[in-house]
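Observations on the model geometry
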Amino acid sequence: MSLIQSAVFTQSTVRSSPSLSGAAEHSIVASCSVSSTSNSSLLRSSSLKTVTSISSSRNNKRKGAVGKVRSSLETAGATVGQVTEVTKDTFWPIVNAAEDKTVVLDMYTQWCGPCKVIAPKYQELSEKYLDVVFLKLDCNQENKPLAKELGMRVVPTFKILKHNKVVKEVTGAKFDDLVAAIEVVRST
């Protein structure tokens, strides 16, 4: 038997259970708990709401779990082609995993009218620019330290990062300015 459902995790080490038929300790990027059900183990992500099922056979000659190889960006929690919601805890790991990709962060609040207006257009950009990572951060009390660290003064604010550094900023719901800034950073 084999597995394969994709997963998103944060960093930790998972030790094998008896149902992984003799597999030794597996270092994976995960924040999860292991629970055994019949011939499979479920790795449940506590922070990113994702489940991966790993099935292994008792006759598996390699004596280990079979898994799908994922990019470090996917492992960190971002999916290319869509907007990924981040928090103060998940933002930097995703940015670091993006390596040389352009990252665009939409800093918004729930009560902001212009934020709500530009949100669907921002989603369309994420579907258009598949080489860019699109993130959004709700600048609530919980995420206030990150908003302050990034120098947010108004909402919406779009921060464009490359190589873990903010290289451009667009304040307000200025769609054309945002597109122009993304194009400039992508071309560098």
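Calculation notes
Residues numbered from 1 in each chain as written. Predicted model: local features only at pLDDT ≥ 70, side-chain atom pairs only at ≥ 80, totals over all residues. Heavy atoms only, no water. Salt bridge = Lys/Arg side-chain N within 4 Å of Asp/Glu carboxyl O. Helix = DSSP H or I, 4+ residues; strand = E, 2+ residues; numbered from the N terminus. Buried < 20%, exposed > 50% of the residue type's maximum accessible area, 1.4 Å probe, protein only. Contact = heavy atoms within 4.5 Å. Polar contact = N/O pair within 3.5 Å; in protein donor to acceptor, adjacent residues only side chain to side chain. Pairing = 2+ DSSP bridges. Axes fitted to C-alpha atoms, helices over the stretch in contact; angles between N-to-C directions. Parallel < 35°, antiparallel > 145°, perpendicular 65-115°, else oblique. Left-handed = near helix turned anticlockwise from the far one by under 90°. Nonpolar A, V, L, I, M, F, W, Y, C, P; charged D, E, K, R; others polar. Lys, Arg positive; Asp, Glu negative; His and termini not counted.

The name an unreviewed UniProt entry gives the protein chain is Thioredoxin F-type, with Hibiscus syriacus as the organism.

Before going further, it helps to spend a moment on the pattern of salt bridges. Scanning the model with the defined rule gives 6 salt bridges in all. Across the salt bridge formed by Arg-186 and Asp-131, the nearest N and O atoms sit 3.0 Å from each other. With Arg-186 in helix 5 (residues 175-186) and Asp-131 in the loop between helix 3 (113-128) and strand 8 (132-138), this residue pair connects regions lying 55 residues apart in the sequence. Classification of Arg-186 as partly exposed rests on a relative accessible area of 30%. The exposure class of Asp-131 is partly exposed, given its relative accessible area of 36%. Close ionic contact of Arg-186 with Glu-183 constitutes a salt bridge, the shortest N to O distance being 3.5 Å. Highlighted residues: Arg-186 and Glu-183, both in helix 5, separated by 3 residues, approximately one helical turn. On the basis of relative accessibility, which here comes to 34%, the residue Glu-183 falls in the partly exposed class. Several salt bridges converge on common partners, so that one network encompasses Asp-131, Glu-183 and Arg-186.

So, about the environment of Trp-92. Along the chain, Trp-92 turns up in helix 2 (residues 91-98). Judged by relative accessible area, which is 24%, Trp-92 ranks as partly exposed. Residues Trp-92 and Asn-164, spaced 72 residues apart in sequence, show a C-alpha to C-alpha distance of 8.2 Å. If we skip the residues at most four places from it in the chain, Trp-92 touches Leu-146, Glu-149, Leu-150, Leu-161 and Asn-164. Here Glu-149 takes part through its side chain, which lies 3.1 Å from a polar atom of the side chain of Trp-92.

This part is about the sheet that holds strand 8. With respect to topology, 5 strands assemble into an open sheet ordered 6-8-7-9-10, the strand pairing being mixed. Each having just a single partner strand, strand 6 (83-86) and strand 10 (165-171) make up the two edges of the open sheet. On average, adjacent strands in this sheet sit at an angle of 25 degrees to one another, irrespective of strand direction. Helix 2 rests against strand 6, strand 7 (102-108), strand 8 and strand 9 (157-162) of the sheet, and its axis sits at about 170 degrees to strand 8.

Running from N to C, helix 3 and helix 5 point in directions that differ by 25 degrees, and their axes come no closer than 11 Å. Between helix 3 and helix 5, the angle is such that the two are roughly parallel. As helix 3 runs across helix 5, the sense of the crossing is right-handed. Across from Ile-118, Lys-121, Tyr-122 and Leu-125 in helix 3, the residues of helix 5 making contact are Phe-175, Leu-178, Val-179 and Ile-182. Here the residues of the contact of helix 3 with helix 5 sort into 7 nonpolar, no polar and 1 charged.

What follows deals with the side chain of Asp-138. Looking at the secondary structure, you find Asp-138 in strand 8. Buried charge without a salt bridge: Asp-138, with Lys-136 as the nearest opposite-charge side chain at an N-O distance of 8.7 Å. The residues contacting Asp-138, other than those within four sequence positions of it, are Glu-85, Tyr-108, Thr-109, Gln-110 and Asn-143.

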